[in-house]
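Coordinate analysis (summary)
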Amino acid sequence: MSNWHSQHLEDGLALRYLDGELPARKARQVRKHLEACWQCRAEMEDLQTTVADCMRYRKQVLATQLPEPPNAWADLSRGFDGIDVEMAAEPFWKRLTHFPPSLMWSAASVAVAVLVCFAYYQLRETPSVQAAVLLKRAIAAEQARPAGPRRVHIRTGKPTSAAVLFAAAHYDSADPLSARSFSTWRAQLPEKRDEIENAASCSVGQTGRPLGTPVQGCYLLRTSTTTGDVASASLTLRTADLLPIEGRLEFRDRNWIEFTDLSEVPDLHDGSPVASLGELPVRPAVPSRPAAIAPGETASISDELQVLSALHGIGADLGDPVEVKLSNGHVEVSGVGVSAERQRQIHRALDSMAHVEVAFSDPGAAPAPVQATAPERAPVFSAPSSATTKLQTRLEQQLGGRAEMERFSSRVLDWNEAAMARAYALRALAQRFSQDQQSAMTPDDRRVLRQMAREHISALQAHITGMEAALTPILSALGAAAPPPPQPPAFTSWQAGAEQVFRSSRRVELLLSTVLGVTSGEKPSADLPTNLLSALADLRVNLDQCNSLLAR
Amino acid sequence: MDGHLAQILSHDRGLPALQAQVTQLFEECREDVYRYLLTLGLDAARAQESAQEVFLRLYASLKKGEQIQNPRGWIFRVAHNYGLKVLTRQSAEYSFEPDFESWATSPARSPEHELLERERMSRFHRAVENLSEQQKRCLFLRMEGLRYPEIGSALGISTSAVGEFLRRAMARLKRVRDE
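The model shown is predicted, which means the values in this text are computed figures rather than measured ones. (Residues numbered from 1 in each chain as written. Chains lettered and ligands numbered in written order. Predicted model: local features only at pLDDT ≥ 70, side-chain atom pairs only at ≥ 80, totals over all residues.)

Here's the deal with the overall build of chain B
- Check the secondary structure of chain B and you find 8 helices and 0 strands.
- Along the chain direction, N to C, the helices and strands of chain B fall in the order α-α-α-α-α-α-α-α.
- Residues classed as buried in chain B amount to 46% of the 179 residues present.
- Relative to all contacts within chain B whose residues are 6 or more apart in sequence, the contacts with residues 24 or more apart total 66%. (Helix = DSSP H or I, 4+ residues; strand = E, 2+ residues; numbered from the N terminus. Buried ≥ 20, exposed ≤ 12 C-beta atoms within 10 Å, placed from the backbone. Contact = placed C-beta atoms within 7 Å.)

Section: the confidence of the model for chain A
Residues and elements named next belong to chain A.
- For chain A, mean pLDDT is 74; residues scoring 70 or higher make up 73% of the total.
- Across residues 264-295, confidence stays below pLDDT 50; counting only partners more than four residues off in sequence or on other chains, it has 110 contacts.
- Long-range and interchain partners of residues 520-524, a stretch whose pLDDT sits below 50, account for 18 contacts in this model, where long-range means more than four residues apart. (pLDDT = per-residue confidence, 0-100.)

Examining the sheet that holds strand β7 (residues 322-327) of chain A
Residue and element names in this part refer to chain A.
- The strand order β7-β8-β9 describes an open sheet built from 3 strands, whose pairing is mixed. Lying at the two open borders of the sheet, with one neighbouring strand each, are β7 and β9 (356-360). Across the sheet, the axes of successive neighbouring strands diverge by a mean angle of 20°, strand direction being ignored.
- Here β7 pairs with strand β8 (residues 330-335) via 6 bridges, running antiparallel. If you follow valine 324 over to β8, its bridge partner there is valine 333.
- Running over the sheet, helix α12 (residues 340-350) touches β7, β8 and β9 and is turned about 170° from β9. (Pairing = 2+ DSSP bridges. Axes fitted to C-alpha atoms, helices over the stretch in contact; angles between N-to-C directions.)

Notes on the packing of helix α17 (residues 494-515) of chain A against helix α18 (residues 528-551) of chain A
All names here are of chain A.
- Here α17 crosses α18 at 160°, and the two axes come no closer than 9 Å. Taken together, the axes of α17 and α18 are roughly antiparallel relative to one another. Classified by chirality, the crossing of α18 by α17 is left-handed.
- Residues belonging to the contact of α17 with α18 are distributed by class as follows: 17 nonpolar, 8 polar and 2 charged. (Parallel < 35°, antiparallel > 145°, perpendicular 65-115°, else oblique. Left-handed = near helix turned anticlockwise from the far one by under 90°. Nonpolar A, V, L, I, M, F, W, Y, C, P; charged D, E, K, R; others polar.)

Points about the confidence of the model for chain B
All names here are of chain B.
- On average, chain B scores 83 in pLDDT, and the residues at 70 or more come to 87%.
- This stretch, residues 1-5, has a pLDDT under 50; its non-local contacts, to residues over four places away or in other chains, come to 4 contacts.
- Within the model, the stretch residues 7-13 combines pLDDT values under 50 with 10 contacts to residues more than four positions away or in other chains.
- For this predicted complex, the interface confidence reaches an ipTM of 0.86, while the overall pTM sits at 0.41.

Considerations on the nonpolar core
- With 92 residues, the main nonpolar core has Leu426(A) and Leu532(A) as its most contacted residues.
- With 13 residues, the single largest contributor to this core is helix α14 (residues 402-432) of chain A.
- Discounting chain neighbours no more than four positions away, the residues touching Leu426(A) are Ala453(A), His456(A), Ile457(A), Ala498(A) and Val501(A).
- Of all hydrophobic cores here, the second largest spans 59 residues; its members include Cys29(B), Tyr36(B), Leu40(B) and Leu62(B). (Core = buried A, V, L, I, M, F, W, Y, C linked by C-beta atoms within 7 Å.)

With respect to the environment of Pro70(A)
- Turning to its location among the elements, Pro70(A) is positioned in the loop between α3 (38-65) and α4 (76-88).
- Non-local contacts of Pro70(A), meaning those with residues more than four positions away in its chain, are made with Ala44(B), Ala45(B) and Gln48(B).

Concerning the sheet that holds strand β1 (residues 152-156) of chain A
All names here are of chain A.
- Strand order in this open sheet of 6 strands is β1-β6-β5-β4-β3-β2, and the pairing throughout is antiparallel. At either margin of the open sheet sits one strand with a lone partner, and together these are β1 and β2 (193-199). Neighbour to neighbour, the strand axes of the sheet diverge by 10° on average, direction disregarded.
- In this structure, strand β4 (residues 230-238) lies alongside strand β5 (residues 244-251), joined through 7 bridges in antiparallel fashion. Across the sheet, residue alanine 233 finds its bridge partner in β5, namely leucine 249.
- Here helix α8 (residues 131-144) sits on the sheet in contact with β2, β3 (218-224), β4 and β5, set at roughly 125° to β3.

Section: the environment of Ala231(A)
Residue and element names in this part refer to chain A.
- Along the chain, alanine 231 turns up in strand β4.
- With 21 residues separating them along the chain, alanine 231 and arginine 252 place their C-alpha atoms 5.5 Å apart.
- Ignoring any residue separated from it by four or fewer positions in sequence, one finds alanine 231 in contact with Ser224, Glu250, Phe251 and Arg252.

As for unusual backbone geometry
All names here are of chain A.
- For histidine 170, which is not glycine, the phi torsion reads 55° and is therefore positive.
- If you trace the backbone, histidine 170 turns up in the loop between α9 (162-169) and α10 (179-187).
- The residue arginine 254 is not glycine, and still its phi comes out positive at about 75°.
- Take arginine 254: it is sitting in the loop between β5 and β6 (256-261).

Regarding the environment of Asp527(A)
- Tracing the chain through its elements places Asp527(A) in the loop between α17 and α18.
- The partly exposed category is assigned to Asp527(A), around which 13 C-beta atoms lie within 10 Å.

Concerning the packing of α3(A) against helix α5 (residues 111-129) of chain B
- At a minimum axis separation of 11 Å, α3(A) and α5(B) run at an interaxial angle of 105°. With respect to their mutual orientation, α3(A) and α5(B) come out roughly perpendicular. Along the contact surface, α3(A) presents Asp53(A), Tyr57(A), Gln60(A) and Val61(A), while α5(B) presents Met121(B), Phe124(B), His125(B) and Val128(B).
- Of the residues in the contact of α3(A) with α5(B), the class split is 5 nonpolar, 2 polar and 1 charged.

Written out as structure tokens, the structure is:
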């Protein structure tokens, strides 16, 4: 997807585009590509024809051939009356919870407070599982569970940084998919309403089983509030062990953020979890094995390095959903949602290597192992809203109109996307091979490792140069001051430097998306242009230092 | 329609008004819900009863003060969950077998055209039947106009999983058309 002019649309993107389910920026890229590419346009029309077939099938077959309702439709008013009577017969404290909020607020505040306290006391005594109790139990289960990394897929409704959304929600971004984080968020709400559903028919992991057989149940906990940016948040807990498997925050501006445990993503029928979908993971990769393995008859750390180098050679370490793991004496390479052409390239690159097993998921196959990732506290920034609007207007004027602004944004965001892919890859490499493990390597292996890292840095530097060249004159014209000289980096190993490079890249990404209006925020700031130039300078210094450490 | 319904449901919640609103919604959507429940495997009688039950539950939830931003999404989510519960009590799953032999799309068309269309739809139906359960559910809900997050909420899966199931379903259906 990195080069929209020379590559065709990825499989699956077309339908999401037609269905209006792509983020605005990606949709714009697809639209631009379609204007230029006849092949993709023809395929898109083909897909549109299949959509039309579906609707014809609905109209001509389902609507006419499915059996008519055997009886006349009932008059629901009798059912309504039954519900009214049933609710009227409920105890007073229970009925209190049914009051519409508008009526609740119109009642005298003291009386309401007393009633709510009374209702709370009553509810606490009921045997049904209440939100606070459920969360308490889930937190206790969390604490009892062995600590280990989880891979969490984070998606947002609009192209907004996850860190910004978590910050706006006052929700812990370090470990979003946990009962503790949810509970902390919930506890700070001045006003809230909880709903709990004990869903025996929870569909997570249900696919592929015959209908009607017992399936893994879930508690669906949903808390809504009338205050703050977040309208509601939900957390799905697995009934068996109260493990959080999915969470979602809904914002009042219709944006949302969803975080899903990848081990629970349904994949049974098609054998393809959705790990490959959506944006790059926000979380870092962790080493795939605990320590270096001595060379021998089975695969060693050296073999793993060779595999990574081969994948790096074909660019398969830049966001492709390919996992590499040293396990059971083999280097296991697996992938889900990898295109057929990419699979062929990977096979060509790896098939001649000893101790390497390559397996891509096909429909009906078992899910591929997913690489564990550890949580990370995302940096939090406040982005301006009114100031950015003004800034974007000025930016448009400076660039010569909206169309020019669009082109400029696209170009710079493409550079940034490519830079982020490199920053992720560099950090993944640093986390996979620690300084100690690197010291234990043969000189040849060390050379291979350093070469890969240097290539990522060099590509990142090129992208940054492009961004600086495009942004500096424009931002300076908007009043950006020359950034102060960056502090010399304090890290002493390239591995630590890779982490710093990643953080600097994220900062650039956040500031850039704010300046270009891709992200909305709260606090106005006139310093954005200066801050962005300063962040770019910081990133460059970190890259230079990292490079010099690699050269030693 | 959703925006309008959401609007009317979020405002006046006086009892007669609320009943009128749910009744209006029932009349507009009951056939869609009934059809979805049939595709889920419920027999006609249970599908009809379940569809009615869903709207009574909607009324009860609204009466309790629940804020429902997207009634259509809510209805299909509850219909799906309730339908699965009912299905466990049903002795055999209803299987939809259209009668293509006696089926005519339009009397104005030529017999050759009729035959071709019949064969095409018959092939398409077989392809739909061969989709995985989850692909079928996503497809049927999408046909009913639900967006990916709404389908995800109804089925208890993530939005990206919905996209993937739909992609696979469409790829299979497209292959059938090309055959």
